[in-house]
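An overview of the molecular structure
Residue strings, one per chain:
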Amino acid sequence: MNPETKARGIQLGIYRCHVCGLLNDQHEQYCERCHAKITPRDYRSLQSSWALLITAAILLVPANIYPITTLVKSGVVTHETIFSGILRLVHADLLPIAVIVFTASILVPWLKILGLGFYLSAITFKMPISKQKLTTGFHIIEWIGRWSMLDLFVISLSVALVNMGQLLDAQPAPAATAFALVILFTQLAAKTLDTRLLWDQLDKNDDNS
């Protein structure tokens, strides 16, 4: 394959605007379309992504330890964590819903945090990994992370149905806020990162094979 076909924009003197996506000449200081400042790479985005990811990892602890819903029935207050809620669904023979809650509330957030941590480490420590594998895996993690919101919808729907049925009073507990912040910060960590930095980390032998 002709080496020129594998040349990157930074090697050709072309910089992509991080705001509107327009390709600009490297000698231009500001984008011709939106007038945003042109930079070859946003290295500060790596620090921002690390900060957001670490914050999300810290918040994930109280999100799993503290109650996510508070139930009041006949004056008796019951606090449900994510784990106890899953067990209650299993005991109530609602296994499909339990699987959905487990996937959205536990599996997806942990996988996304670990995955983002790996990719940020690959950039930080300059790991010789194929750029195709890095970018593909990064976008997969970014996509599946959106399904974390599913648990909040399940909680909201359950609370609404329970309250409408007047069986008991259900309210979101502190862990719901922590969990929502985990989702927000992981999404921001993925969106903040300048993905062009992933293309700088590559194994030439792997990419040329």
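For the structure, check the block above.
In what follows, the accompanying structure is described. All of these numbers come straight from a predicted model, not from anything done at the bench. (Residues numbered from 1 in each chain as written. Predicted model: local features only at pLDDT ≥ 70, side-chain atom pairs only at ≥ 80, totals over all residues. Heavy atoms only, no water.)

Quick notes on the overall build of the protein chain
Stated formally: Each helix is a run of H or I in the DSSP string that is no shorter than four residues. Each strand is a run of E no shorter than two, and both are numbered from the N terminus. Only protein chains enter the calculation, and the probe is 1.4 Å; a residue is then buried if its accessible area is under 20% of its type maximum, exposed if over 50%, and partly exposed in between. Should any heavy atoms of two residues lie within 4.5 Å, those residues are counted as being in contact. Calculation of accessible area relied on Shrake-Rupley with a 1.4 Å probe; when residues are assessed, cover is drawn exclusively from the protein chains displayed.
Scanning the protein chain from terminus to terminus reveals 8 helices and 5 strands. Ordered by position in the sequence, the α and β elements of the protein chain form the string β-β-α-β-β-α-α-α-α-β-α-α-α. Each of the 209 residues in the protein chain was classed as buried or not, and the buried ones make up 38%. For the protein chain, restricting intrachain contacts to residue pairs at least 6 apart in sequence, the fraction spanning at least 24 positions comes to 65%. Summing over all exposed atoms, the protein chain offers an accessible surface of approximately 12500 Å²; the carbon and sulfur share of this is 65%.

Comments concerning unusual backbone geometry
With a phi angle near 65°, H35 is a residue other than glycine that sits in the positive phi range. Inspection of the secondary structure assignment puts H35 in the loop between β2 (23–25) and α1 (44–65). The residue K126 is not glycine, and still its phi comes out positive at about 55°.

Describing the pairing of strand β4 (residues 76–80)
Note the following rule: Strand pairing follows a simple DSSP-based rule, namely that at least 2 bridges must link the two strands.
Pairing analysis gives 5 bridges linking strand β3 (residues 69–73) to β4, with the strands arranged antiparallel. Across the sheet, the residue bridging to V72 is V77, located in β4. The hairpin formed by β3 and β4 contains 2 residues between the paired strands, and S74 there has a positive phi angle of roughly 55°.

Description of helix α3 (residues 95–124)
Structural remark: α-helix, 3.6 residues per turn; residues separated by three or four positions point the same way. Rules: In a helix, the anticipated span is given by 1.5 Å times the number of residues less one. Note that bend, as reported per residue, equals the angle between axes fitted to the 7 residues terminating at that residue and the 7 residues originating from it.
For α3, which comprises 30 residues, the first-to-last C-alpha distance of 41 Å matches the rise-based estimate of 44 Å (1.5 Å per residue) to within 8%. Considering bend angle alone, the principal kink of α3 is centred on T103 and spans about 35°. The first or second residue beyond α3 is K126, which carries a positive phi of 55°.

Points about the nonpolar core
Basically, it comes down to this: Nonpolar cores were defined as sets of buried Ala, Val, Leu, Ile, Met, Phe, Trp, Tyr and Cys residues, with membership established by side-chain atoms within 4.5 Å.
Counting 22 residues, the largest nonpolar core has L116, F138 and L193 as the members making the most contacts within it. Secondary structure elements with two or more residues in this core: α1, α3, α4 (131–144), α6 (174–192) and α7 (196–199). Contact partners of L193, with chain neighbours within four places excluded, come to S45, L46, S49, L120, I123 and F138. I82, L89, V101 and I183 belong to the second-largest nonpolar core, a separate cluster that totals 13 residues.

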